[in-house]
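Coordinate analysis (summary)
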Amino acid sequence: MYNITLIPGDGIGPEVAEAAQAVIEATGVKIQWETVNAGIDVLAKEGILVPDKVFESLEKTRIALKGPITTPIGSGFKSINVMLRKKYDLFSNIRPIKAIPGIAVPFQNVDLVIFRENTEDLYIGQEKTIDEGTAEAIKRITREGSLRIIKAAFTYAHQNHKSKVTVVHKANIMKLTDGLFLQCAREVSKDYPHIQLQEVIVDNMCMQLVMNPSQFQVIVTTNLYGDILSDLCAGLVGGLGVVPGANLGKDMAVFEAVHGSAPDIAGMNIANPIAMILTGAMMLHYLGESNKSHSIYKAVEATVLEGKFVTKDLGGSASTKDMTNAIIANI
């Protein structure tokens, strides 16, 4: 029995989180869910965006499945996702990008993983106004932060029999910050002589990805570039609705789908649940339930390929629940 924190989120969050729960339970894995919530719905009811019980649950279970959460627009509100990553030092953002047979996309053989550093770079959000016509932002890269995300990428490549890791940078211009990140990649690569280190400048990387994405296997990069490349790559395989994600630290993991809360379709039972379901599969793999995780991936592929029960964004007319039930039936 695993004890796991469930944060349904808001918008379509509760619907896709329920779908992921149902699919995970269909595999036979026993989970004791501890449900807590955060977001604009909680803010309206309790006057606080993230109640203390969310932190208490996370610090007890050390693992969470999290639905999308809306960040209120206005001063004083920061992204809950960014806050959790910083608070618990969830330094590794992992996003597998894999084409699913049956989804009409330009490239059918995309199969790569992005390792995005989660705690540094321009994403630290340290900005200041110099004068009324000038503002500055701090780009912070550290040796420690760079080494650990790069080591995570190479470790993954080694364990999954990948032959190449691509480090994405802009060290030709930002010679100190991105230069440090690139230097760390070169250092780490020496410990993995059987894995090729490929160095690609970020603008060239964008072009290469949209021309020939199958040339890449494992990508590791800084926070901002990783954020941009993750969405670009999601577009290669059908959009954010089919891409899972995880935020890992030394002893805590928060699994969350890449997409947003889509409040405009909340409660309509039409949201694509695949991203959240595959995020649940990632969580099972993390727990050591590799066979159960694989069964979810295969069931999603079978459902999409059949095409009978897929949501509108994938060219079908099935509801969220219909698609979830079809995936469970294929399990």
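All figures in this text were calculated on a predicted structure; none of them were measured in a lab.

Let us now look at the sheet that holds strand S9 (residues 196–201). Pairing is mixed across the open sheet formed by 10 strands, whose spatial order is S2-S1-S3-S12-S11-S4-S5-S10-S8-S9. Two strands bound the open sheet, and with one partner strand each, they are strand S2 (31–35) and S9. Adjacent strand axes in the sheet meet at a mean angle of 25°, parallel and antiparallel pairs treated alike. With 4 bridges connecting them, strand S5 (residues 111–117) and strand S10 (residues 218–221) associate as parallel partners. Looking across to S10, one finds that Phe115 is bridged to Val220.

Backbone geometry places Ala262, a non-glycine residue, at a positive phi of 40°. With respect to the helices and strands, Ala262 occurs in the loop between strand S12 (253–256) and helix H9 (274–286). The class for Ala262 is partly exposed, based on a relative accessible area of 25%. Positive phi, close to 60°, is recorded for Asn269, a residue that is not glycine. Within the secondary structure, Asn269 is located in the loop between S12 and H9.

This next bit is on the pairing of S2. Relative to S2, strand S1 (residues 2–7) is paired through 5 bridges, and the arrangement is parallel. Along S2, the bridge assignment pairs Leu6 with Thr35. For the crossover from S1 across helix H1 (residues 13–26) to S2, the handedness is right-handed.

So, about the packing of H1 against helix H11 (residues 320–330). Between two packed helices, both the angle of their axes relative to each other and the distance between the axes serve to describe the pair. It is at 10 Å that the axes of H1 and H11 come closest, and there the two elements cross at 15°. By the angle class used here, H1 and H11 are roughly parallel. Crossing of H1 against H11: the hand is right-handed. Where H1 approaches H11, its residues Glu15, Ala19, Ala22, Val23 and Ala26 are matched on the opposing element by Thr320, Thr324, Ile327 and Ile328. Here the contact of H1 with H11 is built from residues that sort into 6 nonpolar, 2 polar and 1 charged.

On to the packing of helix H3 (residues 52–61) against helix H4 (residues 80–87), then. Taken N-terminus to C-terminus, the directions of H3 and H4 make an angle of 45°; their axes are 13 Å apart at the nearest point. If you check the angle between H3 and H4, you find them oblique. For H3 against H4, the interelement crossing comes out right-handed. On H4, the residues touching Phe55, Leu58 and Glu59 of H3 are Met83, Leu84 and Lys87. In terms of residue class, the contact of H3 with H4 is made up of 4 nonpolar, no polar and 2 charged.

Once that is clear, we can look at the environment of Ser214. As for its placement among the helices and strands, Ser214 is situated in the loop between helix H7 (202–211) and S10. Taking C-alpha positions, Ser214 is 40 Å from Ser57, a pair spaced 157 residues apart along the chain. In this structure the side chain of Ser214 is engaged in a polar contact, spanning 3.0 Å, whose partner is the side chain of Asn212.

Here is what the cut-offs are and how they apply
- Residues numbered from 1 in each chain as written.
- Predicted model: local features only at pLDDT ≥ 70, side-chain atom pairs only at ≥ 80, totals over all residues.
- Heavy atoms only, no water.
- Pairing = 2+ DSSP bridges.
- Helix = DSSP H or I, 4+ residues; strand = E, 2+ residues; numbered from the N terminus.
- Axes fitted to C-alpha atoms, helices over the stretch in contact; angles between N-to-C directions.
- Buried < 20%, exposed > 50% of the residue type's maximum accessible area, 1.4 Å probe, protein only.
- Right-handed = clockwise from strand over helix to strand, strands pointing away.
- Parallel < 35°, antiparallel > 145°, perpendicular 65-115°, else oblique.
- Left-handed = near helix turned anticlockwise from the far one by under 90°.
- Contact = heavy atoms within 4.5 Å.
- Nonpolar A, V, L, I, M, F, W, Y, C, P; charged D, E, K, R; others polar.
- Polar contact = N/O pair within 3.5 Å; in protein donor to acceptor, adjacent residues only side chain to side chain.

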